[in-house]
Amino acid sequence: MVHTTVGQPVGQVAGPLKVTGRATYTADIRLPNMAYGAVVRSTLPHARIVSIDTSRALAMPGVLAVITGKDIPPGRVGRRIRDLPILAVDVVRFVGERVAAVVAEDQATAEAAALAVEVEYEELPAALTMRDALAPGAPILHPDLASYDGLPGAPPQQSNVLSRRTYGYGDVDEGFRQADVIIQRRYTVPRQHQGYLEPHACLVSTAPDGTAEVWLTNKTPFQAQEQAAKALGIPKEWLKVHVTPIGGDFGGKGSVMDVPVAYHLSKACGRPVRMVMSYVEEFTAAASRHAAQITMKTGVKRDGTIVAHQVRALFDSGAYGAFKPSPTLELMGNTRLGGAYRMENVAVESLIVYTNTFPAGHMRAPGLPQAIFALESQLDALARTIEMDPVEFRRRNLIREGEATPAGEQWVQVRAIETLEAAARAAGWGTPLPENVGRGVAVSEHGAGAGASTVQAGLDERGFYLRTGAPDTGTGSHTIMQQVAAETLGVPHHAIRIETSHTLAFPFDFGVGGSRVTHVYGRAALAAAASLRDTILQRAAAAFDLPTDQLGWEGGQLRRPDGRLVDPFTVIGPVEVEETYDSAGAPNVTGFCAQVAEVRVDPETGKVEVLRIVSAHDTGQVINPIGHEGQIAGGVIQGLGYALMEELPVVDGYVATQSFAEYKIPAMGDIPELEIVLLPEPTGPGPFAAKSIGETPNVPTAAAIANAVEDAVGVRIVDLPITAEKVFRALQRKHEHGHHHH
Amino acid sequence: MRSVKYYAATSWGDAVATLAKYPLAKPLAGGSDLLGWIKDDLVGPKEPRWEILVDLRTIEGASGYRYSQGDGLRIGALTPLSTLETAKEIVENYPMLAKAFAAPASPNIRNVGTLGGNINQRPRCWYLRGPEFSCYKKGGDFCFAVTGMNQYHAILDGELCYIVHPSDTAPALLAFDAKAKIVGPRGEKTVPLSEYFIGPRVDVTRETILAHDELMTEIQVPAPQPGVKTAYFKATNRETYDFAIVNVASWLKIKDNLVEDSRIYLSGVAPTPYRATIVEQTIKGKRIDEALARQAADQQMVRARPMSDNAYKVDIAKALIRRALLEAN
C-alpha cells in the first residue's frame, strides 16, 4: 500500500514547543499563592521511629506546616500492592523513605526546614541484600504483608518473598543426564536508573471540600488518579488529574511519588503545593530497574540441541513493591528466562524479594534486559563450548512458526531466524577481525502491547483534532496518532491538532506502557478518524439532501456531485466522535530484534571499546522513521550504558552514586556506529501493520557486548556492568590459569 | 537550592579583602562544581554553609594567557579550559598541556570551567559528596571509604582520608615544573606547584596551601626545552565527561637516547598529585625500552597500598606509566 503521511519522517507535534522551552512541564506551572513542599527522608535502612520533633522546623519564618505519618489518616500507596506508607509510621524500611514533610513560602525555606526536623530512631537489624533477606532468621520487612491491599493470590508464608513464579515442563534432571555439556553460571545485574531529564514533579491544589486539582509527571494519569485516591482514602472523582508533557519516562513515570504528601500539605496550609524531586531523591528513592541474580544451568548435546534449562532468578524489590504495575507483582522478563528457544526440559523459578534498600520499579522492558543478558550469555558460552558458531547455534534453536517458547507463549508470523540472519549479514558475521577485536550476537523480542483505549476525533472552527487521555512521554506517540489519522482523513499531519484531556472529562484511559501506544492508540486514532469521516459524510449528505455515495471525500473536504469542494465545517458545524479500540482478538505477534556488537579490548587495561552495533528488527510498518530510529538509537545507548557503566550500588543501605557525575551514563565519546536493519514485508497488529519498538532495542545489547568481549579476548564477564577492571582481572586469571598448565 | 549572596569582585585585592572580612564567603570561578556542592548542601562541622559567593571572573585581567619564547607561558587562573586546549601557542609549544586541558569533563563544562578551578576543585569521593556522611573532610571523625566502597579511592599516600586528587591538569603542569602565583592579605607570592598541594596529614579539610583569604591568580609554565618528550594518558570508565581512574603525565629530557632528567606525575591515585620518583630514578641515565618501562612501573607501584576494592588502580597505573615511558622513547 502506498501511504502519504504514514512512513514519512515528520517532526514531533510538541517538538517546537520543547526545543524553544515553551512546553509547560509540571514543574513550570505556577499557581497564585502556591507554596513549596519538601520531604524529610529516613537516614537508616531499617529502624523504629522513636520520636519526631518538628518544633524547630515549625518555628522557622516562612514555614506553613509540618506533617508526619501520625498527623494524617493512615494510607498506603501502590500501583498494585499498596505497601508503601504515604509517610512512615513507626518503622522505616529504607534510606530515603518519606518520614515527614514540610511546606513553606519558598523552596529554600522548605528544604532548610526539612533539615531541621529531628527524628530519633532505634535501629533494627536490616536485610540489605537478597541473600540476607532469604537467610533463615532474616528480619521480616513486612510481617503484615497478608493484610495489604493488592496482594495477588494467597499470602505467602512469613518471609521476604513478595512473589514467586515457577514454570516449565519435562524433567530437567533427565535432560541433564542426556547432555554432552552442562554449564552453570550465576549472572548478576545492577540497578539502573532511567536517566530522564525531568525528575518527578507534582502540583496539588486542594479545595476545602477535599477535592483537588493535580498536575504530575505521570505516563498513566488515570491510573495515577486511582492510585492517589486509594492511598488518600477518597473517591477518585475528587481528583482532577491533568495530562502533562513528560520529559522522558523510560518506564519510570508510573507512580504518584509525592502526590499524596502534597495533597496533605495542601490541606494543611490551604494553598496549592508544588513538589519537585531532586536528582539525589531520584537516584535514592525513585523507581529504578530491579537488580537481579540469575542462576542458569543449561545442558546441550554436541549437535546444539538444548536438552535442559534450569533457572533460579532473584529480583531485588527493595523495601516495597508499590512501584510494580503487574497484578501478579512480577516483571515481564520472568517469562523470557528461556527466551524464544526450543528447549526439551525446562524448570524456571523466579522470586521477587524484599530488602531494606530503596524500592525498585519499572524501566523500559521490565525484567527483560536482566533475563536476556543471562540467557544470551549462557547460550553463547554453550555454543563456544561445543565449538559451534554462535549464530548457527541460535539458528538451530530459535523457535519457528507453530512452536511455543519455554514459558508457553505462541505467536504467529514468527520471524526469529530471518531477523538473526539479517543482523549477521549486515555485521559481516564470520569475516576475520584484528587481534583483540571480537563480535557478539544476542536476540530478544517484544510484542506490541495490548488493551483498550479511547480516542476522540472531531472537527470544529479551527479544523480537525484528536483528543486523548494519554500523555506523550517523549516517544512521539501523539505524532503517531496524528499521522495515522491524517492518512485516513487525507490531510497533512499538521492539519490535525492534538488535545489532551483530564481525568474528569475523558473515559478511563490505561495510559502509556508495555509498548502499547502505536498499536492501541494508533488503532483507536485510526478508527476515530474513519468514524469522523463517515459521520461527516452522512451528516453532509443529509444536509445536502443527497445519497451518501454521491458525496466524495478529498483532502479533508467534501466533493459535491457538481465537482465543487466544500469545507465540511461550513455545512454541518462542529462534530465529534469517539472510538475505543480493544486489542482482544488481534493476532498474537511479536517483534524480534537481533544485535551484533563489535568491540575492541585493550589487554593492558581491560577497557572495552564498542566499535559498532548492528540492530536488526522485525518491526512492522514504520509510522514515523525519525521516531523509530530515535527509539533504536536511544535504546542501544541505554543498553550500552547497562552493559558497560551504569549501576546504583547500595552500600550499607546508602546509594553510592547520587549524581550524574558518579552514576555514569554513556556520553557521546562512548557511542559507536549504529547500523539499523529493518525486515521488509511488515506484519503487525497496529495501524498499517505496525508493531512496537520502544522496549526492544535496549534489551539484547548487554549480552551482545559481553559475547563480543569473549570473542575478542576469551574472557566471560557475568556481572554487569562490564567495567575495564572486571575484564582486566578476568584476563589476569586466564593468564595465570594458562601459566599453570604449561 | 538555597539562596546565597553574590558579590562581583572588582580586583584581586577586593576579592581578598571580601574573603578576609566574611568567613562564610567562598570564591567563585566557573562554578561548575561549586554550585552543585552548594545545591547538594554538603556541610559538616568544618565545612560551613557558604553564604556569599565572590565572583572572580569580574576581575580585569584574571582571564587570558600570554606566551613568549623566553618566559614561557603565563595563564590567568580564570581562563576557561576550552580557551587553552585550542590556543595555538599551547598546542604548538606544549602539546601535552593542550591534551591535559582538553581532558576534563565535556566541552560545555570546559567552556565555563577555569584552569584555576580545575586545579583547586574539591575531590570526587562519594562519601564526601554524600550529604549524609560526616567524614573527616567535612569535620567528622571517620573515613567511610576504609570500610565502604573504595574502588575510586587512594592507593598511595592515603592516611585518615583516602580521597584522590581529581585534577586532570595538575599532573601535566607539575610535569612541566609550573609555578602558582598567589595573592593574599599580605601581598603576592609565587610557589612551585610541587609545594602547592597538601595531604590529609597536614590538614584533612583542605587540599592546598591556600588560606581562606588567599587566591591563585596565575599559573606560570617554564619555556619549552629542546630534547624534551612528553606524554599524557587518562584512564576512565567513560570516554568523556569522567574523572580519571588514573592519569599520568610525563616529561622526559632525552640526550643521546638516554634519559637525562624526568618528571612523572600521576593523579587519581593519591590525595595529592603524585610524583613517581622511583620511576624517575630507575630510568635516569638509561635508554628506555619495554623491559625498563616495566621494571620502573612495577618498582614504583611496590609503594602502593590498595584497599579492598581498588587494587585495579595499581595495574592501570603500571600500564599507563609504561605507555608514557614508551611513547617518549
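About the thresholds
Residues numbered from 1 in each chain as written. Chains lettered and ligands numbered in written order. Predicted model: local features only at pLDDT ≥ 70, side-chain atom pairs only at ≥ 80, totals over all residues. Heavy atoms only, no water. Helix = DSSP H or I, 4+ residues; strand = E, 2+ residues; numbered from the N terminus. Rg over C-alpha atoms; globule rule 2.2 N^0.38 Å. Buried < 20%, exposed > 50% of the residue type's maximum accessible area, 1.4 Å probe, protein only. Contact = heavy atoms within 4.5 Å. Areas by Shrake-Rupley, 256 points an atom, 1.4 Å probe, with all protein chains shown as cover. Lys, Arg positive; Asp, Glu negative; His and termini not counted. Charge placed at Lys NZ, Arg CZ, Asp CG, Glu CD. Buried area = accessible area lost by both parts, 1.4 Å probe. Salt bridge = Lys/Arg side-chain N within 4 Å of Asp/Glu carboxyl O. Polar contact = N/O pair within 3.5 Å; in protein donor to acceptor, adjacent residues only side chain to side chain. Nonpolar A, V, L, I, M, F, W, Y, C, P; charged D, E, K, R; others polar. Pairing = 2+ DSSP bridges. Axes fitted to C-alpha atoms, helices over the stretch in contact; angles between N-to-C directions.

S.K.: Could you clarify how one ought to interpret the overall build of chain B in this entry?
M.R.: Assigned secondary structure in chain B consists of 12 helices and 12 strands. A compact globule built from 329 residues should have a C-alpha radius of gyration of about 20 Å, and chain B, at 19 Å, falls within 12% of that. Principal-axis analysis of the C-alpha atoms gives chain B an extent of 60 × 50 × 35 Å. When burial is assessed residue by residue, chain B has 56% of its 329 residues classed as buried. Across chain B, contacts joining residues at least 24 apart in sequence account for 66% of those joining residues at least 6 apart. Surface summary for chain B: the accessible area is close to 13,400 Å², and the carbon and sulfur share equals 50%. If you average the places of the 41 positive and of the 37 negative side-chain charges in chain B, the two averages end up 1 Å apart.

S.K.: Help me understand the overall build of chain A, please; the structure alone is not making it clear to me.
M.R.: Helix and strand content of chain A: 17 helices and 30 strands. Relative to a compact globule of 742 residues, whose C-alpha radius of gyration would be 27 Å, chain A shows 27 Å and is just as compact. Counting all 742 residues of chain A, 62% fall into the buried class. Taking the contacts inside chain A whose residues are at least 6 apart along the sequence as the reference set, 80% of them involve residues at least 24 apart. Taken as a whole, chain A presents about 26,500 Å² of accessible surface, with 51% of it coming from carbon and sulfur. The centroid of the 65 positive side-chain charges in chain A is displaced by 1 Å from the centroid of its 82 negative side-chain charges.

S.K.: Would you explain the interface of chain B and chain A in this entry?
M.R.: Interfaces are often sized by the amount of accessible area the parts lose when they come together. Taken together, the 31 residues of chain B in the interface contact 31 residues of chain A. Summing the contributions of chain B and of chain A, the shared interface buries around 2,600 Å²; its carbon and sulfur component is 51%. Along the contact surface separating chain B from chain A lie seven salt bridges. At the junction of chain B with chain A, the criterion picks out 13 residue pairs in polar contact (both at pLDDT 80 or more). In terms of residue class, the side of chain B that touches chain A is made up of 12 nonpolar, five polar and 14 charged.

S.K.: Help me understand the pairing of strand 16 (residues 306-318) of chain A, please; the structure alone is not making it clear to me.
M.R.: In summary, the side chains of a regular strand alternate between the two faces of the sheet. Residue and element names in this part refer to chain A. For strand 16, the buried fraction is high: 11 of the 13 residues fall into the buried class. Judged from the nine bridges that link them, strand 15 (residues 292-300) and strand 16 form a sheet pairing that is antiparallel. Within the sheet, the bridge partner assigned to Lys297 lies in strand 16 and is Gln310. Between the antiparallel neighbours strand 15 and strand 16 lie five residues, among them Gly304 with a positive phi of about 95°. When strand 16 meets strand 17 (residues 346-354), the two strands line up parallel, connected through nine bridges. The residue bridging Arg312 from the neighbouring strand is Glu349, located in strand 17.

S.K.: How should I be thinking about the sheet that holds strand 15 of chain A in this particular structure?
M.R.: Strand pairing in a sheet relies on backbone hydrogen bonds. The paired strands run either parallel or antiparallel. All names here are of chain A. Spatially, five strands are ordered 9-17-16-15-10 in an open sheet, and the strand pairing comes out mixed. The outermost strands of the open sheet, each flanked by one partner alone, are strand 9 (161-169) and strand 10 (181-189). Between one strand and the next, the sheet's axes are offset by a mean angle of 5°, whatever the strand orientation. Summarising the sheet, strand 10 and strand 15 pair through nine bridges and their orientation is antiparallel. Along strand 15, the bridge assignment pairs Arg185 with Met296. Packing against the sheet, helix 9 (residues 368-385) makes contact with strand 10, strand 15 and strand 16, and its axis sits at approximately 150° to strand 10.

S.K.: So what exactly am I meant to see when it comes to the environment of Ala584(A) here?
M.R.: Among the secondary structure elements, Ala584(A) is positioned in the loop between strand 25 (575-582) and strand 26 (590-601). Ala584(A) sits 330 residues away from Gly254(A) along the chain, and the two C-alpha atoms are 24 Å apart.

S.K.: What's the story with the side chain of Gln482(A) in this structure? I'm lost.
M.R.: Mapped onto the elements, Gln482(A) comes out in helix 12 (residues 477-489). Setting aside anything within four residues of it in sequence, one finds Gln482(A) in contact with Val13(A), Leu466(A), His493(A), His494(A), Ile496(A) and Ile498(A).

Geometric descriptors of this kind do not, in isolation, establish any biological role.
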